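So the chains spell out like this:
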Amino acid sequence: MKLDWKNLFNWEITGVKAPEFVKRNGVAGYVVVVDYLYHGRDEEFFSTEEERLYKVWAGPEEAAHEAYQGYLEKMQKQALRKAQRAK
C-alpha cells in the first residue's frame, strides 16, 4: 500500500449517516458511519450491553446521536475553514 504523505493527517469529513439500530454478532446497538475524504469509511458502534454508556449518557442511542451531532459540527467547521481559505 502506497501512503500519500501529504494527506496522512487530513481527516476531512465528506459525509455522516444518522445513527441506525443494528445487530452485530447477536449484540444490539447503534452505528454511526463517517466518510473521510482520504481515509475511507469508519463505523462507530454503540452497544446496548456497554455499561459506561448508561453512566455517562441515558443509553447508547443518546451517545450515538451526540457523536453524530459532533461529526456534523466538525464537518461544518471544515467547510467554513475551506471557504475562508478560498477567499
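This structure is a prediction, so every number in the text was calculated from the model and none was measured.

Criteria and thresholds
Residues numbered from 1 in each chain as written. Predicted model: local features only at pLDDT ≥ 70, side-chain atom pairs only at ≥ 80, totals over all residues. Heavy atoms only, no water. Helix = DSSP H or I, 4+ residues; strand = E, 2+ residues; numbered from the N terminus. Buried < 20%, exposed > 50% of the residue type's maximum accessible area, 1.4 Å probe, protein only. Contact = heavy atoms within 4.5 Å. Pairing = 2+ DSSP bridges. Phe/Tyr/Trp six-rings, centres within 6.5 Å; stacked < 30°, edge-to-face > 60°. Salt bridge = Lys/Arg side-chain N within 4 Å of Asp/Glu carboxyl O.

Caption draft 1: The side chain of Glu-12, seen in detail. With respect to the helices and strands, the residue Glu-12 is situated in the segment before strand 1 (13-24). Looking at Glu-12, the relative accessible area reads 19%, which means it is buried. For Glu-12, the contacting residues outside a window of four places in its chain are Asp-35, Tyr-36, Leu-37, Gln-78 and Lys-82.

Caption draft 2: Here's a closer look at the pairing of strand 1. Examined bridge by bridge, strand 1 and strand 2 (residues 27-36) share nine bridges and lie antiparallel to one another. For Gly-15, the partnering residue across the bridge sits in strand 2 and is Asp-35. In this structure, the hairpin formed by strand 1 and strand 2 is closed by a connection of two residues, where Asn-25 is found at a positive phi of approximately 55°.

Caption draft 3: View of the packing of aromatic side chains. On inspection of all chains with the given rule, the structure shows two aromatic pairs. Arranged with centres 5.0 Å apart and planes meeting at 90°, the rings of Trp-11 and Tyr-36 form a pair that is edge-to-face. Here the residue Trp-11 occupies a position in the segment before strand 1, and Tyr-36 occupies one in strand 2, the gap between them amounting to 25 residues. Exposure remark for Trp-11: the relative accessible area of 46% places this residue in the partly exposed category. The class for Tyr-36 is buried, based on a relative accessible area of 12%. Between Phe-21 and Tyr-30 the ring centres are 5.4 Å apart and the planes differ by 70°, which places this aromatic pair in the edge-to-face class.

Caption draft 4: Representation of the pattern of salt bridges. Applying the stated rule across the entire model yields four salt bridges. Taking the shortest distance from any N to any O, the salt bridge between Lys-82 and Glu-12 comes out at 3.1 Å. Of this pair, Lys-82 sits in helix 2 (residues 60-86) while Glu-12 sits in the segment before strand 1; the two residues are 70 residues apart in sequence, bridging distant segments of the chain. For Arg-24, the salt bridge identified is with Glu-43, shortest N-O distance 2.4 Å. Of the two residues, Arg-24 sits in strand 1 while Glu-43 sits in strand 3 (residues 40-47), which places them 19 residues apart along the sequence. For Arg-24, a relative accessible area of 33% gives the class partly exposed. Classification of Glu-43 as partly exposed rests on a relative accessible area of 42%.

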